[in-house]
Amino acid sequence: MELKSGIRNRSYKSGQLGSGLTWGKPGVEVRGDGQDNVRKEERIKDEMDMENMRYDLMGYWIMELRLPPCGVGGKELLSIVVRALCPRAGIIWDPSPAEIHIKEPIEKEVNPRLLPGELLLCEANTVYKYIQEDGSNRGTYGKLVCTNFKIAFLDDDSASDDNEPQFQNKIVGENDITLQCVDQIYGVYDEKKKLLTGQLRKYPEKLIIYCKDLRVFHFCLRYTKEEEVKRIVSGIVHHSQTPKLLKRLFLFSYASAAPNNTDGRNQTVMFDTLEDWRDELERTKGNVKYKAVTTNEGYRVSEKLPLYFVVPICVSEESILKYEFKLALASYLIPEFKNQQDRADRNKEQSNLAYEIWCWSCHNGAALLKMSAFPKEQDDSTSQMQKAFLDGIYKTISKPPYELLKTDDLSSSLPSLQDIQTAYTRFKQLFLIDNSTDFWATDVKWFSLLESTNWLEIIRRVLKKAIEVAECLERQHTNVLLIEESATDLCCVISSLVQVMMDSYSRTKSGFQSLIQKEWVIGGHGFLDRCNHLHKSDKEEAPVFLLLLNCVWQLVQQYPPAFEFTETYLTVLSDSLYVPIFSTFFFNSQHQKDTNMSGESLKTQSGPFRFLTVWDWSVQFDPKAQAFLNNPLYAEKPKPDKSQRKTARFKHQRQLSLPLTQTKSSTKRGFFREETDHLIKNILGKRIGKFINSSDELPNSFREFYDSWHSKPVDYHGLLLPRIDGPEIKVWAQRYLRWIPEAQLHGGGTIATAAKILDLMEEVQSLQVKMDEEHSQAISGDVHSVPVLRNSARLSSLFPFALLQRQSVKPALPTSTWKDLEDEDDLVKRDDEFVDLSGDMS
């Protein structure tokens, strides 16, 4: 008697039944001979013929069904196997204990690959890692380790070359979780989940780790030694969830031990020198009205400000220092501060960004500036000092061409940081899926759940605000001053978006990286607090930088040829927030970084730390993987012809606007001439509103500007306005759905289109090389390399993060629908139902 499997046509003869039935480690091997086994094989074969479609959908072999150990004996487990495959037959295979042989797990010595400065803290063997995709509790055994850098699962089954991922991170592997990437840890006690924090009295039998990059790891500790369970669970919870000091971050251990042989800049402007700021002023033609100052060298003015920044050319460095001295003197006179440290902290808080800091200049001379709001509660002497200083600046600025200014308080016109954090917390829960059942259970109400998070609405509001600012700069030739409590959160988001929309240089890879350096890293965004890297206060945590990347992604997916980088670049950039070997996203300010630069190196025994920057992508990816970060379809800006440069520039100005001199208003009608007292009153007391345009005029003006731009052909090197109506705001699928196989389209999606285009580009490049060779003008290999995606049918729509072998065996139907179909007869043989829609309605 021979039994065949329908999927892979594997055959098993009588007497060989036990050789194919295994599940997990430790496993069960069934041994049987004689007529009893033959009769059982015949009955199973008959039932499998009746259940052919169900058998194929489940994707299992009857003789090679793999299940994890689930705490039941081989006798009960065999009954479960047969019931799962043949539910109507009522067959129960009841082997005797003599027929069951327990196989011991094979132990292999697997050691983690440690980075320089990385130390192994604790480990546990015989840990079972579940595969969450299909909900079948299948998985593999291995070793779970915790270091001062990451949590890693080491599988003793090495991956074959055929499954080698094309896009692999050299620092963080597929089964690695950096300690800063851990979001929450749950333990399972008697099938109940419990959040793990602090000291544990009882240790769980299962461990669930939710990551900030939305991965979910399930580990079974039931077969691990009790001592190892205590060490690994306590170690993971302690090193990933408890508060720590800044210098206990792995960033410092790596910097002191790793050789720094990379340049790290990659044409990215770091804005840590005076020359960088002057070059940026020259590039944007902002050096006519603004200048870079060295007033804050040694952080004499403020620890929140960078060493060098740009202010209106009318503001002297002496006036800044004089104002700072008077403000400090007033702070020391405040009676409610009882000690010198409190008064010093108050002084630093008030001197955060209490100046108009230049961000960027438009082609027509209008500038984008930012400034922090003054504290509401302060004594009269301090208020008088601030009023006098601002009054002097505004009277100077009121001279032409500075008279036009629009001030916008982002704290009142945009959601608060708490609202943003709450919305994102709800939003990410939609993608932290434990298994396929949970995914399909929520699929039927996906849109209502998505809308209830309010995350996409926040993205829409932020983009709308950026369009409003762009309108003031582009069409009204009006300077825009953004005001926020600290000017380091939403001010960074809006100013960055405006520059991406209006400056084509910011849409290049190096330009975008330079923008992040200028507005966020040097600009003083508190990455350490907003990402909660030290786990000191959840109240300070807010995904502000991630909000920017979501907004930029909306532009990238709407106008792909306008960007030199891809959405994959944005995704790995968001992942790099949690990789503590780069200093880019692990400090609150330039001052904090500089004061922590001193330290002792393990190799030199002295000297400052040499931190890496995230912009050196060769640290994380090899050249082949880096190709996925570059957009091969980028419409590079053509170089202007020198003979036509003057004509083109004159035409460009005529198309955009009238000359600036014709738009000047009388100095008597200038904004600051009449509104100085009113403006200062609002700055010192109330939130600043929109002073120039009334609430009735703004929507009409905005809508006219928005509709007018979208009615014209898109210039990929000019102004870009995102589409923000209705369904135009979408979910960043690659980042949020990449770990959910049910959301993937195998052989479909944008990656399939990109694969065809890349193949065509490769063919064109090959033909170009042949033509050049025929004309004896062979190029020297300076052709841009593109990633070759030969067979798009083998790729997932979420490539390069999700590969084909991660597919789920669940059908692409909601759970409720699938359960309704379970009781139906053979659906393949059923005829389609016919509904006559043209019949009599009576």
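Let me sum up the structure you'll find in this document. This is a predicted model, so every value here is computed, not measured.

**Here we look at the side chain of Asn631**
Residue placement: Asn631 occurs in the loop between α21 (623-626) and α22 (645-656). A polar side-chain atom of Asn631 sits 3.0 Å from the main-chain amide nitrogen of Leu633.

**Considering the sheet that holds strand β18 (residues 479-484)**
With mixed pairing, the four strands of this open sheet are ordered in space as β15-β16-β18-β17. With partners counted over all chains shown, the strands left at the sheet margins are β15 (357-361) and β17 (405-409), one partner each. Each strand axis lies, on average, 20° off the axis of its neighbour in the sheet, ignoring direction. Relative to the sheet, helix α14 (residues 455-474) contacts β15, β16 (367-372), β17 and β18, its axis offset from that of β18 by approximately 145°.

**Section: the packing of α14 against helix α15 (residues 490-502)**
The geometry of a pair of packed helices is captured by two quantities: the angle between their axes and the separation between those axes. The geometry of α14 relative to α15 is characterised by a closest axis approach of 9 Å and an angle of 60° between their N-to-C directions. On the basis of the axis angle, α14 is oblique to α15. Crossing angle aside, the handedness with which α14 passes α15 is right-handed. Where α14 approaches α15, its residues Val462, Leu463, Lys465, Ala466, Ile467, Val469, Ala470, Leu473 and Glu474 are matched on the opposing element by Val493, Ile494, Leu497, Val498, Met501 and Met502. Here the residues of the contact of α14 with α15 sort into 13 nonpolar, no polar and two charged.

**Considerations on the pattern of salt bridges**
Per the stated rule, a full pass over the model turns up 24 salt bridges. Between Lys150 and Glu118 there is a salt bridge; the shortest N-O distance is 2.6 Å. Placement of Lys150 in strand β7 (residues 150-155) and of Glu118 in the loop between β4 (100-103) and β5 (120-130) is noted, with a sequence separation of 32 residues between them. A single burial state applies to Lys150 and to Glu118, both of which are buried. Put simply, Lys464 and Glu468 hold a salt bridge, and the shortest N to O gap is 3.0 Å. With Lys464 and Glu468 both in helix α14 and four residues apart, the pair spans about one turn of that helix. Judged by relative accessible area, which is 26%, Lys464 ranks as partly exposed. One network of salt bridges, in which partners are shared, links Glu280, Arg283, Lys370, Asp503, Lys518 and Glu519.

**A look at the packing of aromatic side chains**
Scanning the entire structure with this criterion turns up 42 aromatic pairs. Seen in terms of ring centroids, Phe149 and Phe250 are 4.7 Å apart; in terms of plane orientation they differ by 35°. Their pairing is tilted. A residue pair is termed long-range when its members are at least 10 positions apart, and Phe149 in the loop between β6 (139-147) and β7 and Phe250 in helix α5 (residues 250-257) qualify at 101 residues. Like Phe149, the residue Phe250 is buried in the burial classification. Pairing Phe431 with Trp446 gives two aromatic rings, centres 5.7 Å apart and planes at 75°, and the pair type is edge-to-face. Linking Phe431 in the loop between α11 (417-429) and α12 (436-443) with Trp446 in helix α13 (residues 446-453), this pair joins segments that are 15 residues apart in sequence. Site record: aromatic cluster; members linked through ring pairs are Phe167, Phe512, Phe563, Phe565, Tyr569, Trp617, Phe621, Phe628, Trp739 and Phe801. The cationic tip of Lys193 hangs over the ring face of Tyr186; the distance from NZ or CZ to the ring centre is 5.0 Å. Looking at Lys464, its charged tip hangs above the ring of Phe702, at a distance of 4.5 Å from the centre.

**Let's talk about the sheet that holds β7**
Pairing is antiparallel across the open sheet formed by eight strands, whose spatial order is β8-β7-β6-β5-β12-β11-β9-β10. Here the strands that pair on one side only, and so sit at the sheet edges, are β8 (176-178) and β10 (192-195). Each adjacent strand pair in this sheet contributes to an overall mean axis angle of 30°, direction not counted. In the sheet, strand β9 (residues 182-189) pairs with strand β11 (residues 206-211) via six bridges, with the strands oriented antiparallel. Bridged to Ile185 within β11 is Ile209. Along the sheet, helix α4 (residues 226-241) contacts β5, β6, β7, β9 and β11; its crossing angle with β5, the most-contacted strand, is approximately 110°.

**As for the pairing of strand β12 (residues 216-220)**
Of all five residues making up β12, five are buried, and the element is well covered by its neighbours. Both faces of β12 are covered, namely the face carrying Val216, His218 and Cys220 and the face carrying Phe217 and Phe219. Inspection of the sheet shows β5 paired to β12 by two bridges, in the antiparallel sense. Bridge assignment links Tyr128 to a residue of β12, and that residue is Cys220. By the bridge criterion, five bridges tie β11 to β12 in an arrangement that is antiparallel. Its bridge partner lying in β12, Leu207 is registered against Phe219.

Procedures and definitions
- Residues numbered from 1 in each chain as written.
- Predicted model: local features only at pLDDT ≥ 70, side-chain atom pairs only at ≥ 80, totals over all residues.
- Heavy atoms only, no water.
- Helix = DSSP H or I, 4+ residues; strand = E, 2+ residues; numbered from the N terminus.
- Polar contact = N/O pair within 3.5 Å; in protein donor to acceptor, adjacent residues only side chain to side chain.
- Pairing = 2+ DSSP bridges.
- Axes fitted to C-alpha atoms, helices over the stretch in contact; angles between N-to-C directions.
- Contact = heavy atoms within 4.5 Å.
- Parallel < 35°, antiparallel > 145°, perpendicular 65-115°, else oblique.
- Left-handed = near helix turned anticlockwise from the far one by under 90°.
- Nonpolar A, V, L, I, M, F, W, Y, C, P; charged D, E, K, R; others polar.
- Salt bridge = Lys/Arg side-chain N within 4 Å of Asp/Glu carboxyl O.
- Buried < 20%, exposed > 50% of the residue type's maximum accessible area, 1.4 Å probe, protein only.
- Phe/Tyr/Trp six-rings, centres within 6.5 Å; stacked < 30°, edge-to-face > 60°.
- Lys NZ or Arg CZ within 6 Å of the ring centre and 35° of its normal.

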